[in-house]
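# Structural overview for review
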Amino acid sequence: MTNLTHLTIEQALKGLEKKDFTAVELTQAHIDAMEKFRSLNAYIVETPEIALKQAAESDKRRAGGKAGLIDGIPLGIKDLFCTQGVQTTAASKILEGFKPEYESTVTSNLFRDGAVMLGKTNLDEFAMGSSNTTSAFGNVINPWKRKNDNTDLVPGGSSGGSSAAVAARICMGATGTDTGGSIRQPAAFCGIAGIKPTYGRCSRWGVVAFASSLDQAGPFARTVKDNALLLRSMAGYDPKDSTSADRPVPDYAAAMTGNIKGLKIGVPKEYRVEGMPAEIEKMWQQGIDWLKSAGAEIVDVSLPHTKYALPVYYIIAPAEASSNLARYDGVRYGKRVTGENLKDMYQKTRAQGFGEEVRRRILVGTYVLSAGYYDAYYIKAQRVRRLIYNDFMSAFEKCDVLLTPTAPSAAFAIGENEDDPVKMYLNDVFTVTGNLAGLPGLALPAGLDSQGLPLGLQLLGRPWGEETLFNVAGVIEKAANFTALPASVQKAA
Amino acid sequence: MTYQIQGEQGTWEVVIGMEVHAQVIAESKLFSGAAASFGAEPNSQVSLVDAAMPGMLPVLNEYCVEQAIRTGLGLNAKINKTSVFERKNYFYPDLPQGYQISQFLHPIVGKGEIEIDLPDGTTKTIGITRLHLEQDAGKSVHDQHPTKSYVDLNRSGCALMEIVSEPDIRSPDEATAYLSKLRMILRYLDTCDGNMEEGSMRADVNISVRKPGAGYGTRCEVKNVNSLKAVQQAIEYEAQRQVEIIEGGGKIDQETRLWDPAKGETRSMRSKEEAHDYRYFPDPDLLPLHLADSWIERVRETLPELPDQKKHRFMKDFGLSAYDANVLIAERARADYFEIVAKGRDGKMAANWVLNELLGALNKDGKSITDSVIAAGQLGALIDLISDNTISGKIAKDVFAEMYKSGKDPAEIVEEKGLKQVTDTGAIEKIVDEVIAENPDNVAAYRSGKDKLFGFFVGQVMKKSQGKANPNIINELLKKKLSL
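Keep in mind the model is a prediction, meaning the values are calculated, not measured. (Residues numbered from 1 in each chain as written. Chains lettered and ligands numbered in written order. Predicted model: local features only at pLDDT ≥ 70, side-chain atom pairs only at ≥ 80, totals over all residues. Heavy atoms only, no water.)

## A look at the overall build of chain A
To keep things clear, this is the line we draw: Numbering of helices and strands runs from the N terminus, with a helix taken as a DSSP run of H or I at least four residues long and a strand as a DSSP run of E at least two residues long. We compute the radius of gyration from the C-alpha atoms alone; for a globule the expected value is 2.2 Å times N to the 0.38, where N is the number of residues. Relative accessibility decides the category of a residue: with a 1.4 Å probe and only protein chains considered, values under 20% of the type maximum give buried, values over 50% give exposed, and everything between is partly exposed. By the convention used here, residues are in contact when the closest approach between their heavy atoms is within 4.5 Å. Accessible areas in this description were obtained via Shrake-Rupley with a 1.4 Å probe; residue shielding takes into account the shown protein chains only.
Looking only at helices and strands, one finds 16 helices and 11 strands in chain A. For chain A, the C-alpha radius of gyration of 21 Å lies close to 23 Å, the compact-globule estimate for 493 residues. Its C-alpha atoms give chain A principal-axis dimensions of roughly 65 × 50 × 50 Å. When each of the 493 residues of chain A is scored for burial, the buried share is 62%. Long-range contacts, defined as pairs at least 24 residues apart, comprise 77% of the intrachain contacts of chain A with a sequence gap of at least 6. Put simply, chain A shows about 17,600 Å² of open surface, and 50% of that area lies on carbon and sulfur atoms.

If you want it as structure tokens, here you go:
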């Protein structure tokens, strides 16, 4: 039998259909691999019993000819998605031990189509971070290492557990959420693909909220097509989320025709930021060349308000977070630290329950919403957000898709960017714009840098332009032929 | 009728604005499907959204929006086609989300007005500033345990309408007239039951004082004013307090004060400095609310006749006095009852029976018109029996008393008890002849000029006929026979 954990979802579905192996076997292989890679700390909670039970049910469905779209595929679920009866923490002490009585819409949709849950993956606390070093359950370690260097690297964040797990072959795909790049940047750092769909494409119901107007769920997988398969199951209108869109979900994989002749690819000049490594610049140019030779037309475009995107993001996201996180007060569920009176209980509970980065963002958010500062910060940020959106709309009059690097660097070492929060925030410089404008963004691996670390490219599309993104990404994927594996994964194979 | 406070340094005028919180009549809550009814076991009507569980999202209840539109139309107010739900952030155990979803800069209803009826018979127009929708909080219970507080989230998330008036009110009487009229309108519209005792309608009163003609003074907001009487007393007390402070050389602090009904005084709750910074911002979980004209028009078509319209119609169509019309329209059920009774009958007569007999009897028993065992149709049938001379007005009162006891139809009672009026002239003439024969002395006295004895003869004839003889025929016959 081939190494089951190294299959793509597409291959695994074929194997299951041909009865080469069962869903139980496929799941067991992953459970075994999870044990081997436990040191990565990719999972907060492993759920092998649930996984094997779901896999057995999947085998039964398939035998009865009733297999769903992704029946029997073992996935990691970011621990921001509420899962019925399974601890859901958002990687925060304040929710330690919290077991929801409900299942998020996205995971319900995945289970409806036959997915198997291997466990809850680690993340930055409340999805706030770009390195997965703010989790109350410890750092996640990237399976990739620099050449001849054993230093532990970050997997990116906030969905670092999901990206590390997919890269380490300890799940075939995973769910993520992306508020400012939390799917795309870790996908780039871990050498896999991920997509943040258009705002409103996946229901936010049952996803622990960070910044409601930016949060959007999406998948991780090792290939573009696998992402297309997963997104089709995750997406859909949900009347329980007033911001979800009532429009049909296309067959994304079917859109991957490989034909991009005449398609216009925009290259935004403002994304050539100062201090960006030459290797990333080179990779970007390589991507442009691949698309050109596939018949696409390259167009230079300008997104003049790009330089304001980070400050705007770091006003709006904390503002919404400061309010969204008010419910963690120790009164009804989660952690409670008793105090001398009500105020004391609130203060102690929240001081001990939230980590430093979450507290910092709550403070920033509270400040920008305060009387006397609201107009200068929040209102102004909302206005600039509109300008950023307008930038994209003008650009999309000239092109169909934008091509950019995913992140300004490859994966860095744990602790490397921690002295200065602003430096850490720079990781999101290419990705936050997509969230602010609500656009779909897809990240995929394009090659390795000189240190042997994966670098990613990002495609940004028009609202509801996911099909075009998948099609273009498929072309890059084919040209890049990214087959490198982290050394530890290669050894285990 | 000007209300003035006589201070030591002249007269003062009081300026009042009201903020009324009215619980919306709806099956479910403003943003969740949990039931919104009263009196259930604590925490038995709490959805995951109401308890603010992680990842839960609000979904706007369309019916509550319709109720707000209906109320806005009933207040002659502008309906804003775009409104925005915002978050009002503060921590309290009965506020699970840590914020209340409310409307701030863009309320669903804008300026309107209502006409109030004052005790001296005059009317006055009070401006409405706005009406907005918001979530109610839960209830904290502090008196069940020496060291613990309990929280009941049944009310958490129920829809409230906050209705804000302009500072157009100038006396305690106007304030109560405003509340009464507002309550009447809400009840007519069926958008709020208006029960101040149960807290489904609550008023905060903004009070300031000034010398007549001067600009507005600094106001205090008085909370916990839970009855019309409390409104009256709180205004009187608070206005007096402010006058005394100003005349004593002091200055009014803008603050929130609490009305203590036991002590009959207001006291400071929190000052402006202690006021919360609510950090309002548009709720990113909810899109701005856009109302289609067609929807507003559809709601407008379902509007019932409102109290003022009804009052004027009653006066015009039924010839009623303003007073009688006011009493009849005070409750929609009462007005509806009256209309059934009055339909095709003499309006004044119908009003008399409803007001004097039926409401009189019900009031005595502490009941309202909806408790009446006499259906409106039955009361109408009783009036018909008088009109067609089946019974006299006097007998009708006995029949009414019996109807009030048994709920039986008037015709049935008349039949059973043989109360049918005798209109057979021959039969009555026979009794008249008997009475004249039996009372020769009185007949002589009458004929010699003692006109007042006529009543005696009528009484005797009535008595002999057991009240059933038609009084007109008695009169006619007696006059004829006695004058012979």
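Let's pick the thread back up.
## Side note on the environment of Phe 338 of chain B
All names here are of chain B. Residue position: Phe 338 is located in helix H7 (residues 332-342). Of the residues examined, Phe 338 reaches a relative accessible area of 0% and is grouped as buried. Taking the C-alpha atoms as reference points, Phe 338 and Thr 125, 213 residues apart in sequence, are found 27 Å from one another. Here Phe 338 is in contact with Phe 314, Phe 318, Leu 320, Leu 328, Gly 347, Ala 350, Ala 351 and Val 354, once residues within four sequence places are set aside.

## What about the confidence of the model for chain B?
Convention followed: The predictor attaches a confidence to each residue, called pLDDT, with possible values from 0 through 100.
Looking at chain B as a whole, its pLDDT mean stands at 93, while 99% of the residues score no less than 70. As a predicted assembly, this complex carries a pTM of 0.90 together with an ipTM value of 0.96.

## Things to note about the pattern of salt bridges
Pairs can form between side chains of opposite charge once their charged atoms are near each other. All names here are of chain A. The condition that has to hold: Any carboxyl oxygen of Asp or Glu within 4 Å of a side-chain nitrogen of Lys or Arg constitutes a salt bridge here.
Scanning the model with the defined rule gives 54 salt bridges over all chains in all. Across the salt bridge formed by Asp 113 and Arg 112, the nearest N and O atoms sit 3.0 Å from each other. For Asp 113, a relative accessible area of 9% puts it in the buried group. Here Arg 204 ties to Asp 241 by a salt bridge, and the two come within 3.7 Å at their closest N and O atoms. A residue pair is termed long-range when its members are at least 10 positions apart, and Arg 204 in the loop between strand S5 (193-196) and strand S6 (217-221) and Asp 241 in the loop between helix H7 (224-234) and strand S7 (264-268) qualify at 37 residues.

## Section: the sheet that holds strand S5 (residues 99-103) of chain B
Rule in force here: In short, DSSP must find at least two bridges between two strands for them to pair. Simply put, an axis is a line fit to the C-alpha atoms, just over the touching stretch for a helix, and the angle between two N-to-C directions goes from 0 to 180 degrees.
What the 3 strands build is an open sheet, ordered S5-S4-S15 (chain B); its pairing is antiparallel. A strand with exactly one partner marks an edge of an open sheet, and here the two such strands are S5 and strand S15 (281-282) of chain B. Strand contacts of helix H9 (residues 309-324) of chain A: strand S4 (85-89), S5 and S15 of chain B, with the helix running at about 65 degrees to S4 of chain B, the strand carrying the most contacts.

## Quick look at the packing of helix H12 (residues 425-438) of chain B against helix H15 (residues 471-482) of chain B
All names here are of chain B. This is how it is decided: Orientation is classified from the angle alone, with under 35 degrees giving roughly parallel, over 145 giving roughly antiparallel, 65 to 115 giving roughly perpendicular, and any other angle giving oblique. For a crossing to be left-handed, the near helix must be turned anticlockwise from the far one by less than a right angle; the clockwise case is right-handed. Classification used: nonpolar for Ala, Val, Leu, Ile, Met, Phe, Trp, Tyr, Cys and Pro, charged for Asp, Glu, Lys and Arg, polar for all others including Gly.
Two numbers describe how H12 lies on H15: the axes approach to 10 Å, and their chain directions differ by 50 degrees. In terms of orientation, H12 and H15 fall into the oblique class. Handedness of the crossing formed by H12 with H15: right-handed. In this structure, H12 uses Thr 425, Ile 428, Glu 429, Val 432, Asp 433 and Ile 436 to contact H15, whose residues at the interface are Ile 473, Ile 474, Leu 477, Leu 478, Lys 481 and Leu 482. Considered class by class, the residues forming the contact of H12 with H15 number 8 nonpolar, 1 polar and 3 charged.

## Some remarks on a nonpolar patch on the surface
In plain terms, the rule: Residues qualify for a patch when their relative accessible area is over 30% and they have no salt bridge, like charges being joined within 9 Å and the nonpolar side chains of Val, Leu, Ile, Met, Phe, Trp and Tyr within 5 Å.
Residues Tyr 367, Tyr 373 and Tyr 377 of chain A make up a contiguous nonpolar surface patch of about 280 Å² in total accessible area. In this structure Tyr 377 of chain A comes out as partly exposed when scored by relative accessible area, which is 31%.

## Digging into the pairing of strand S11 (residues 454-461) of chain A
Residues and elements named next belong to chain A. Counting buried residues along S11, 8 of its 8 residues qualify, which places the element largely inside the surrounding structure. Pairing of strand S9 (residues 401-405) with S11, which is carried by 5 bridges, proceeds in the antiparallel orientation. Pairing of Pro 405 across the sheet is with Leu 457, part of S11. Bridging between strand S10 (residues 441-448) and S11 involves 7 bridges; their strand directions are antiparallel.

## Observations concerning helix H11 (residues 410-417) of chain B
Residues and elements named next belong to chain B. Using the following cut-off: In this description, one arc is meant: the one made by directions from the helix axis to the C-beta atoms.
Among all positions of H11, only Pro 410, Ile 413 and Val 414 are buried. Projected onto a plane normal to the axis of H11, the buried residues spread over an arc of 100 degrees and lie on a single side. Directly beyond the C-terminal end of H11, a positive phi value near 60 degrees is found at Gly 418.

## Focus: the interface of chain A and chain B
Counted only if it meets this: Computed with a 1.4 Å rolling probe, the buried area is the accessible surface lost when two parts are put together, summed over both parts. Side-chain atoms alone can form a polar contact between residues adjacent in sequence; in general such a contact is a pair of N or O atoms within 3.5 Å, and within protein one must be able to donate a hydrogen while the other accepts it.
Across the contact, 37 residues belong to chain A and 29 residues belong to chain B. Across the chain A to chain B interface the summed buried area is about 2,700 Å²; carbon plus sulfur atoms make up 60%. Run the count over chain A and chain B and you get 1 salt bridge. Here Asp 285 of chain B ties to Arg 204 of chain A by a salt bridge, and the two come within 3.1 Å at their closest N and O atoms. Counting the contacts that link chain A with chain B gives 17 residue pairs in polar contact (both at pLDDT 80 or more). If you list the elements that add at least two residues to the side of chain A that touches chain B, you get H9, helix H10 (342-353) and helix H11 (356-369) of chain A. If one sorts the elements of the side of chain A that touches chain B by residue count, H9 of chain A sits on top with 4 residues. Here the side of chain A that touches chain B is composed, by residue class, of 20 nonpolar, 9 polar and 8 charged.

## A closer look at the side chain of Asp 50 of chain B
Residue and element names in this part refer to chain B. As for its position among the elements, Asp 50 is in the loop between strand S2 (10-23) and helix H1 (62-74). A distance of 3.3 Å separates a polar atom in the side chain of Asp 50 from a polar atom in the side chain of Lys 29. Dropping the residues within four chain positions of it, Asp 50 is found in contact with Lys 29, Ser 32, Ala 34, Gln 45, Pro 96, Leu 153 and Ser 156.

## Digging into the sheet that holds S11 of chain A
Residues and elements named next belong to chain A. Strand order in the open sheet formed by 11 strands is S1-S3-S2-S4-S6-S5-S10-S11-S9-S7-S8, and the pairing between neighbours is mixed. For this open sheet the edge positions go to strand S1 (43-46) and strand S8 (297-301), each flanked by a neighbour on one side alone. On average, each strand axis in the sheet is inclined to that of its neighbour by 30 degrees, with strand direction left out of account. Examined bridge by bridge, S7 and S9 share 2 bridges and lie parallel to one another. The partner of Ile 265 across the bridge, within S9, is Val 401. Relative to the sheet, helix H3 (residues 48-63) contacts S1 and strand S3 (116-121), its axis offset from that of S3 by approximately 160 degrees. H7 contacts strand S2 (74-78), strand S4 (173-177), S5, S6 and S10 of the sheet and is inclined by roughly 150 degrees relative to S6.

## Describing the side chain of Ser 212 of chain A
If you trace the backbone, Ser 212 of chain A turns up in the loop between S5 and S6. In terms of polar contacts, Ser 212 of chain A uses its side chain to reach the side chain of Asn 324 of chain A, at 3.0 Å. Looking at Ser 212 of chain A, its side chain comes within polar contact range of the side chain of Asp 285 of chain B, at 3.2 Å.

## Observations regarding the packing of aromatic side chains
Going by this rule: When two rings of Phe, Tyr or Trp (its six-membered ring) have centres within 6.5 Å they constitute a pair, described as stacked for plane angles under 30 degrees, edge-to-face for angles over 60, and tilted for the intermediate range. Think of it as a cone above the ring: NZ of Lys or CZ of Arg counts as a charge over the ring if it is within 6 Å of the ring centre and within 35 degrees of the ring normal.
Across all of its chains, the model carries 31 aromatic pairs over all chains by this definition. Geometrically, the ring pair formed by Phe 126 of chain A and Phe 354 of chain A is edge-to-face, given 5.8 Å between the ring centres and 70 degrees between the ring planes. Of the two residues, Phe 126 of chain A is situated in the loop between S3 and helix H5 (160-167) and Phe 354 of chain A in the loop between H10 and H11; the sequence distance between them amounts to 228 residues. An identical accessibility class is assigned to Phe 126 of chain A and Phe 354 of chain A; each is buried. Pairwise contacts between aromatic rings join Phe 98, Phe 126, Tyr 328, Tyr 333 and Phe 354 of chain A into one cluster. Note that Arg 272 of chain A overlies the ring of Trp 284 of chain A, its terminal NZ or CZ placed 4.5 Å from the centroid. When the ring centre of Trp 12 of chain B is taken as reference, the NZ or CZ atom of Lys 211 of chain B above it lies at 4.7 Å.

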